[in-house]
Amino acid sequence: MLVHRDRTIVEVNSAAKAMEYPVGTRCCDMGEKKFHAGCRANMALREQAGVREVAYYEHLGQVIDGYWIPLSGVADLYVHFGIDITEHAADRLFPEKCGDTRSGCSSCSCE
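Position numbers for residues count from 1 along each chain, tracking the sequence in the order it is written. This being a predicted model, a pLDDT of at least 70 is required before a residue's local features are given, and a value of 80 or more before pairs of side-chain atoms are given or counted; all residues contribute to the totals for chains, interfaces and linings. Working from all heavy atoms in the structure, the side-chain values ignore hydrogens and water.

*Asks:* Describe in detail the pattern of salt bridges, supporting the description with residues and values.
*Replies:* Salt-bridge detection follows one rule: a side-chain nitrogen of Lys or Arg within 4 Å of a carboxyl oxygen of Asp or Glu. Under the criterion given, the structure shown has 6 salt bridges. Where Lys33 meets Asp29, a salt bridge forms, and the shortest distance between an N and an O atom there is 3.3 Å. Type-normalised accessible area, obtained with a 1.4 Å probe on protein chains alone, sets the label of each residue: buried when under 20%, exposed when over 50%, and partly exposed for intermediate values. Its relative accessible area of 58% is what places Lys33 among the exposed residues. Of the charged contacts, one joins Arg40 and Glu53 as a salt bridge, the two residues approaching to 3.3 Å between their closest N and O atoms. Of this pair, Arg40 sits in the loop between α1 (14–18) and α2 (41–47) while Glu53 sits in strand β3 (residues 51–57), and the two are 13 residues apart along the sequence. By relative accessible area, Arg40 is classed as partly exposed at 24%. Members of the salt-bridge network, linked through shared partners, are Arg26, Asp29 and Lys33. Secondary structure counts use DSSP, requiring at least four H or I residues in a row for a helix and at least two E residues in a row for a strand, with both numbered from the N terminus.

Have a look at this one:
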């Protein structure tokens, strides 16, 4: 997705279309607010550098390798995408496999 600083989805590719991400809608208004707790858009825009987050998302039941990448020379736009790496993810990323019973665990470290 190509996203504006205010979280409005500006454009999507075919994968995002298939997942029904609507252009013109704020991505943060989709689903429950807690689904967006791991968003790194502000950090990426502030630092003008790509940010990566690998985390388990309970509402998806997936481990997502997520990226927020600002567009060079364009202060208010970034590309956001995620890759489902669930089948390759380490057990420590799954709260139920590592014994973490916290609600909403998104990247269990089992420490």
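Don't stop here, the text continues.
*Asks:* Before we move on, could you go through the packing of aromatic side chains and cite the residues and values that matter?
*Replies:* Planes of paired rings set the category: under 30 degrees apart is stacked, over 60 is edge-to-face and the rest tilted, where pairs are Phe, Tyr or Trp rings (Trp by its six-membered ring) whose centres lie within 6.5 Å. Counted under the stated rule, the structure contains 2 aromatic pairs. A ring pair is formed by Tyr56 and Phe94, whose centres lie 5.6 Å apart and whose planes are at 55°; its orientation type is tilted. Of the two residues, Tyr56 sits in strand β3 while Phe94 sits in the loop between β5 (77–84) and α3 (95–98), which places them 38 residues apart along the sequence. Per residue, the accessibility class of Tyr56 equals that of Phe94, and both read buried. Geometrically, the ring pair formed by Tyr67 and Phe81 is stacked, given 4.9 Å between the ring centres and 15° between the ring planes. Of this pair, Tyr67 sits in strand β4 (residues 62–70) while Phe81 sits in strand β5, placing them 14 residues apart in sequence. Classification of Phe81 as partly exposed rests on a relative accessible area of 32%.

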